Amino acid sequence: MNSIVFYLNGRRREIQNPDPEVTLLEYVRVQERLTGSKLGCGEGGCGACTVMVSGYNMRRDRIEHRSVNGCLFPLPMADNLSITTIEGIGNRKGGLHPVQKRMVEGHGSQCGFCTPGIVMSMYTLLRQKCAEGEELTALDVEENFDGNLCRCTGYRPILDAFKTFAGNEPCCGGRKNGKCCRESPESTPTNDAGQQNGQYGEDTGLQNGFQTAEEPDTDSEHVFPRELIKRAPPCLRIDSEGGQWFRPVTTMELKSIMKEFPTAKIICGNTEIGVERKYKNLQCPVLISLQGVAELTEIRSTPAGFEIGAAATLTDLRREIGVVERRLEGSGCETLHAIAGQLKWFAGKQIRNVATVGGNIVTASPISDLNPVWSSSRAQFLVFSHRTGEERLQKAEEFFVGYRKIRMAPGELLLKVIVPWTKPYEFVSVFKASRRRDDDIAIVTTAIRISLARSKALEPGWNISDVSFAFGGVAEATTSPTKAERSLTGSSFDEATMERALQIIGDELQVPKGAPGGMAAYRSSVVVGFVFKAFLQTAEKLRSVLQKENVEPLAWEVDERLKSIISDEKPQITKGVQVFDKDGRPATVSAGKPVGHVAAELHVSGEAVYVDDMPVPSDCLFAALVLSTKPHARIKALGVRDALEMNGVVDIVTAADIPGRNAIGVNLRDELCFAVDEVTCTGQVIALTLANSQRIANKAAKAVVVEYECLPSIITIEDAIDNHSYLPGVKPRLIEHGDVDIAFKTAEHVARGDIRIGGQEHFYLECNGTVAIPSENDEMTLYISTQGASHSQEAVAEVLGVPQHKVVARVKRLGGAFGGKESRSINSTVAVAVAAKKHNRPVRFFFDRDSDMLSTGTRHPFYGEYSVAFDGNGRLKALDVKIYNNAGNSRDLSHAVIERAVLHVDNAYNIPNVRVEGRCCYTHTPSNTAFRGFGGPQGMLVGEQAIEHVANYLRIPAEAVRFTNLYREGDVTPYGMKLTNCTIRPCWNDLTRKVDVDRRRIDIEAYNKANRYNKRGLSVAPVKFGISFVFKTLNQAGALVHVYLDGSVLVTHGGIEMGQGLHTKMIQVAATAFGLPIEKVFISETATDKVPNATPSAASASADMYGMAVKNACDQIEERLKPVREALGKDPTWEQLVERAYAQRINLSAQGFYRVPDLDSLDLSKAEKGRPFYYFTYGAAASEVEIDCLTGDHKVLYSEIVMDVGRSLNPAIDIGQIEGAFVQGMGWCTMEELVRGGTTAHRWLPTGFLSTQGPGTYKIPGFRDIPRDFRVSLLKDAPNLEETIHQSKAVGEPPLFLAASVFFAIRDACKSSRQEFFEDEELANAWFELDSPATTERIRMACADEISSRFADPQSFRAEAFI
Ligand SMILES: Cc1cc2nc3c(=O)[nH]c(=O)nc-3n(C[C@H](O)[C@H](O)[C@H](O)COP(=O)(O)OP(=O)(O)OC[C@H]3O[C@@H](n4cnc5c(N)ncnc54)[C@H](O)[C@@H]3O)c2cc1C
Ligand code: FES
Ligand code: FES
């Protein structure tokens, strides 16, 4: 059989010889034009492509539903399945599904790019639960999204929305008129603490008022196709352009196909092969899928052990383990229990649903989570050799022999794994250390089996009769400390032996400095920590067994203070509270109302169109970029012949094809559209390939050969300082206030230190993309995913050598941006425009995730040195700071970023003498750029580090120092701006009242006393964030408002909708101005031919500026309507008014304009003073964290935020911005670490090489990283006293820095560990360095204890950092 049969959203499809290179995602998006499922990464790491696959499980005799990643699902694998995409569950025309409705009502989408994937994950869960006849619980919901990422929302609203489906949760408990909100639309959901979710003020109303009482009606869902019920899958033999695909259905067929195609590659879940094909150029012309061989997917219990077919999925394995454990009541199941434990943290759900046991074993990754378990548990692998036709059993512990090398020849087949049952008194422990808890590959992973026997000696006790340790992440393959194992076998099982084990294993497995993967001291420490945990866990397990047997207890009693590191973590359900004031404006006024995102229904139904979703014109060409792989090199030759000869390749476009200037850059034209004879960073654009399909264009780009002559390179800030490498033409930026030198001379106390602050990848879910369409007369229309349409228009016009009026840039919406699409999108856009112009044909380009991350720059890494002078009460006397940013290889916005950083070092504190100097370092890395906060957070973090230092010095709580120095009304900043309407103290006071800091400190102290290796910490952090572009010119905005004859209103403005709800707010503004309901107002897109010369949407300023511009346009029209209204008499309808005005030939269209008043343009290179900001947004947050000192893992137990957003324009959107920014900030200062090979860091990597190029290696916070108790309040009664739009304040960026409360709470917890370790009081309280981000490595090593101090000096250790 060479055709596959499947159902797509209920419709039958039959495809002959489907191409195995085509993924299900590509098929549905390109062939079926179902663009609701998105491409976010192409490597199974983001979940944007999630679809549901349903199949008939013959063995279980039932239909099963699973969520999978469409991006890793080869089309031939769809055979015999029913596939449901977002389009198949509901839409705006036919009605949304309850899952979609709850998402809308819960404000669960912002940019909407992740939304269809998240909705599909929830939908699948509901279908699955229904098919299994199980009730959905809140915990099911919490655990369901480990394969989905969202960069905008902060996850809380999504979880809240979906937990309302959980049967065991009384929704959120809200009742009105005695009814639950799921029954009554007027009720208010509240959380289990009885506090209201989304209450207006302290009394009424609702933000997350779920109107959808309706439960999913499973009867009306797509019925599983009758044809596929009990349909035995046929043997498939597919022969297509992209290769051959075989799917045998019996072992006999399999063996015979293997014989016929001895070099064929076995394929199962494709989670490894798929990624390698896409990103590592793996070629697989012949593939044999094991999916159809029932015998290989079987999992069964036999007397010899638990047998797992190699093609069994990890989801099936976990379920079957549960079944067996229940049946045997755990007896003999220690290893199985450990496997299930490891699977909990293995990848995301969508991956586990397809990835197989065999695929993991044969991949033989040194950081595989399961291979250590097989090794330590004496599992055996049954291997078939088609050469000899024989099967053989192979011991797992002898199987992994080198880096991805196994005792299996190519072409051999792994049939099954046999796991022996554990014997009485045999215990297995498993652990994993990773950057993020969910869906992360391990840094160190381990399985430890200890068999115990009663001592035969005179003394009663227990001996180790057998022991086996297996570790991943410490050597090139799964490895065991065999010497230690031999030495420990036969020893008594007690603390002394444990101490010996820690010593000898630490010696035997010590990771050498400079080993690939870095983090040598950390990894060695974690190994020993895991052995420690395993011994304690074993002792506890034995104790509990003996207790059950009612025999003499174990003499070794585990110290109570150690128990928390070995106890199973209790499942946690997150909760949240959002409080905002009931708006006093009449119900008919939409400004101030928590109106949902106007595109929310489009997001949840997958109908929202992003650039990548646009239908391409029939003559469209597809582009891919040839990017530099060297940080600094001369281009000796460009070999394009092979690429040009490829079938389907049209052209290779280079600098020679540029009709205008080969010069780009937002302020200074210091970059090239295409490199000519030198590259100055990795990821720089050298050429562009054009082809008839995207796949061919990508292949051609890989086939272009660039010959380089490497030149010396500067990568880090430290390199740049050593080499005096600063951005040409950018003078140091300065602030000078008071007399710093005298203040230091006369100061009671002085502290000095420094901090390194890593960069941050934007990780917008939608990568950058452009479609360029040339037309007559040199015109060019660009559809771009950019925050700066006018910047793109300007750059394209200049590169093409045409006036700007010939170029139109259009933007409908972005799938997130966060600053990353402000200026860096230009580089690819201009290259695409050149190609389109040359061929006079439309050209489409979309970045893959890896090249987007490689090429488009990040938040600036910073280095800051500070000296701080203070008195004995913690009152600050002077601050002297030098900060440096890593600008990369061009100016871009780096000078403006350093200016904002310099202007924010003071944060919320009145310091009488201040000197700040900021410099931009030129390095051979991709130009760094804007990112939410724009240098402000980095500047503030340096200042706050100084505050922490003061508190540490004086041995008083940091919040006391902070409070003492907070600004007051009328104070003047070091750059001369007087603070009016300063609400930092009200925010602080409101927050600390809510938090009850003293009580929490007491509780934390008690917890820390009771626990040796789990510590808690607390921090309270304020923020004062300046609103306005520091470059004064940019503080202007335009809008265009048309009123049509039916009374509908079309608004256009220069701002870009990227998820922040800008269009929603602008619609509220226009509707309020005209006294209309918001349904009357519409915004279609942003375009440079409607509103020219628009400032990019950035600096949190868009709602302020465009709000005033829109209002200005509406006011003009209102003014013109006034006499008509008067003439019409009492209360004419809007439609009557418009009709009469038209009849009277009154202009119903107006162009609005706004410039922010009262701003000074400061030349900070001359330390000028004045008013760079129109006003400040203030806020404060407190966070409590818990860390595991042995792994560096942390969890945020509680975060409370109070934010002054003035008189909120839309509290639902503002709270969404606060939560989203906070979680993004948590990522910045905890887990998001860019790893780049440099001359001063990560020397195990090639210089300049970025190893974090996708979600597999770069971890943004996931669903389960958010604060477990997450509370947000908007400061009450705090209208902005400046003349802003409806007295609101900007909100997009300011809350990001509040996540510093998490960073400093972690520091606080680490400090507690150090205080316990160092006996010497001076050492115990000495200042220690903690750079940002506080990764697991930094946290663990900062904890300093007897284990880590074996591998690094706790006083001087500092983890390597690329800054
Ligand atoms: C997003 C993501 C997250 C991940 N997270 C983790 C994680 O947390 N922990 C972890 O350990 N791994 C992780 N992985 C790695 C991967 O998921 C596993 O290795 C998975 O089990 C591979 O199974 P598969 O069926 O998809 O293999 P495939 O990709 O189909 O095959 C992998 C390799 O195994 C060979 N092969 C498969 N089956 C057999 C067989 N029976 N006989 C001979 N050769 C065979 C194939 O030829 C191929 O070389 C992750 C991968 C992704 C994409
Ligand atoms: S696009 Fe498939 S997981 Fe990211
Ligand atoms: S709404 Fe989730 S990524 Fe934007």
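Keep in mind the model is a prediction, meaning the values are calculated, not measured.

Moving on: the pairing of strand β47 (residues 1269–1274). Counting buried positions over the six residues of β47 gives six, a clear majority of the element. Burial along β47 is two-sided: Asp1269, Arg1271 and Ser1273 facing one way and Phe1270, Val1272 and Leu1274 facing the other are all buried. Relative to β47, strand β46 (residues 1194–1204) runs parallel, the two sharing six bridges. If you follow Met1203 over to β47, its bridge partner there is Leu1274. At this point the chain moves from β46, through helix α33 (residues 1211–1231), to the parallel β47, and the crossover so formed is right-handed.

Glancing now at the UniProt feature "domain: FAD-binding PCMH-type" (unreviewed entry) in the protein. Under the feature "domain: FAD-binding PCMH-type" (unreviewed entry), the UniProt entry names residues 238–424. Annotated as residues 238–424, this span is 35% helix and 26% strand, and its ends, taken at the C-alpha atoms, are 51 Å apart.

Together, Glu495, Glu499, Asp559 and Glu1346 make up a negatively charged patch on the protein surface. Mapping Glu499 onto the fold places it in helix α15 (residues 495–508). Taking relative accessible area as the criterion, Glu499 reaches 48% and is therefore assigned partly exposed.

Moving on, we get to helix α27 (residues 958–965). Looking only at α27, the buried set comprises Ala958, Glu959, Val961, Arg962 and Asn965. On an axial view of α27, the arc spanned by its buried residues comes to 160 degrees, and they lie on one face.

What follows concerns empty space enclosed by the protein. What the rule picks out here adds up to 14 cavities of 30 Å³ or more. The calculated volume of the largest cavity comes to roughly 420 Å³. Looking at the lining of the largest cavity, the elements with two or more residues in it are α30 (1062–1074) and α31 (1102–1128). For the lining of the largest cavity, the residue count by class is 14 nonpolar, eleven polar and five charged.

Here we come to the packing of aromatic side chains. Going through the model one piece at a time under the given rule, you end up with 28 aromatic pairs. Ring centres of Tyr975 and Phe1173 lie 6.1 Å apart, and the angle between their planes is 80 degrees; this geometry places the pair in the edge-to-face category. With a gap of 198 residues between them, Tyr975 in the loop between α27 and α28 (984–995) and Phe1173 in the loop between β44 (1149–1155) and β45 (1175–1188) connect regions that are remote in the sequence. Side by side, Tyr975 and Phe1173 carry an identical accessibility label, which is buried. A cation sits over an aromatic face here: Arg813 above Tyr610, 5.8 Å from the ring centre. Lys821 extends its terminal NZ or CZ atom over the ring of Tyr764, reaching a point 4.5 Å from the ring centre.

We now examine the nonpolar core. Within the largest apolar cluster, 316 residues are counted, with the highest numbers of intra-cluster contacts made by Met122, Phe162, Phe493, Phe532, Phe535 and Leu688. Examining the composition of this core, we find that 15 residues originate from one element, helix α16 (residues 520–549), more than from any other. Other than its neighbours up to four places away in sequence, Met122 contacts Val99, Leu136, Val141, Asn144, Phe145, Phe162 and Phe165. Grouped together as the second largest cluster of nonpolar side chains are 46 residues, Leu72, Ile308, Leu370 and Val430 included.

According to UniProt, the positions carrying the feature "binding site: [2Fe-2S] cluster 2" (unreviewed entry) are Cys111, Cys114, Cys150 and Cys152. In sequence the annotated residues extend across 42 residues, while in space they remain close, none of their C-alpha pairs exceeding 9.4 Å. In the annotation above, Cys152 are the residues that line the largest cavity. Looking at the element boundaries, Cys114 is found in the loop between α2 (98–105) and α3 (115–132). You can call Cys114 buried: its relative accessible area is 4%. Turning to its location among the elements, Cys150 is positioned in the loop between α4 (138–142) and α5 (156–163). Judged by its relative accessible area of 5%, Cys150 is buried.

Strand order across the open sheet formed by five strands is β30-β38-β37-β36-β31, with mixed pairing between neighbours. Each of the sheet's edge strands pairs with one partner strand only, and the pair in question is β30 (733–737) and β31 (749–757). Strand after strand, the sheet turns through a mean of 10 degrees between neighbouring axes, direction not considered.

Another aspect to go through is unusual backbone geometry. Trans peptide bonds make up most of the peptide bonds, and negative phi angles are found at most residues other than glycine. Residue Pro1333 is bonded to the preceding Ser1332 through a cis peptide linkage, with omega at 5 degrees. Turning to its location among the elements, Pro1333 is positioned in the loop between α35 (1321–1324) and α36 (1336–1343). The backbone of Asn17 shows a phi angle near 45 degrees, a positive value even though the residue is not glycine. In this fold, Asn17 is placed in the loop between β2 (11–16) and α1 (24–31). Its relative accessible area of 25% is what places Asn17 among the partly exposed residues. Residue Asn270 is not a glycine yet carries a positive backbone phi of 65 degrees.

A few words on the sheet that holds strand β22 (residues 462–472). As summarised here, the arrangement of the three strands in space is β20-β21-β22, forming an open sheet in which the pairing is antiparallel. The sheet is open, and its two edges are formed by β20 (426–433) and β22, each paired on a single side. The average angle at which neighbouring strand axes cross in this sheet is 15 degrees, direction not considered. Pairing of β20 with strand β21 (residues 444–454) involves eight bridges; the strand directions are antiparallel. Pairing of Lys432 across the sheet is with Thr445, part of β21.

Rules and cut-offs
- Residues numbered from 1 in each chain as written.
- Chains lettered and ligands numbered in written order.
- Predicted model: local features only at pLDDT ≥ 70, side-chain atom pairs only at ≥ 80, totals over all residues.
- Heavy atoms only, no water.
- Buried < 20%, exposed > 50% of the residue type's maximum accessible area, 1.4 Å probe, protein only.
- Helix = DSSP H or I, 4+ residues; strand = E, 2+ residues; numbered from the N terminus.
- Pairing = 2+ DSSP bridges.
- Right-handed = clockwise from strand over helix to strand, strands pointing away.
- UniProt positions renumbered as here; feature names shortened; annotations may be inferred.
- Patch = residues over 30% accessible without salt bridge, like charges linked within 9 Å, V, L, I, M, F, W, Y side chains within 5 Å.
- Areas by Shrake-Rupley, 256 points an atom, 1.4 Å probe, with all protein chains shown as cover.
- Salt bridge = Lys/Arg side-chain N within 4 Å of Asp/Glu carboxyl O.
- Lys, Arg positive; Asp, Glu negative; His and termini not counted.
- Charge placed at Lys NZ, Arg CZ, Asp CG, Glu CD.
- Arc of directions from axis to C-beta.
- 1 Å grid on protein atoms, 1.4 Å probe; cavity = no way out; pocket = protein on both sides within 12 Å on 5 of 7 lines; lining within 4 Å.
- Points joined across faces, edges and corners; volume = space filled by probe spheres on them.
- Nonpolar A, V, L, I, M, F, W, Y, C, P; charged D, E, K, R; others polar.
- Phe/Tyr/Trp six-rings, centres within 6.5 Å; stacked < 30°, edge-to-face > 60°.
- Lys NZ or Arg CZ within 6 Å of the ring centre and 35° of its normal.
- Core = buried A, V, L, I, M, F, W, Y, C linked by side-chain atoms within 4.5 Å.
- Contact = heavy atoms within 4.5 Å.
- Axes fitted to C-alpha atoms, helices over the stretch in contact; angles between N-to-C directions.

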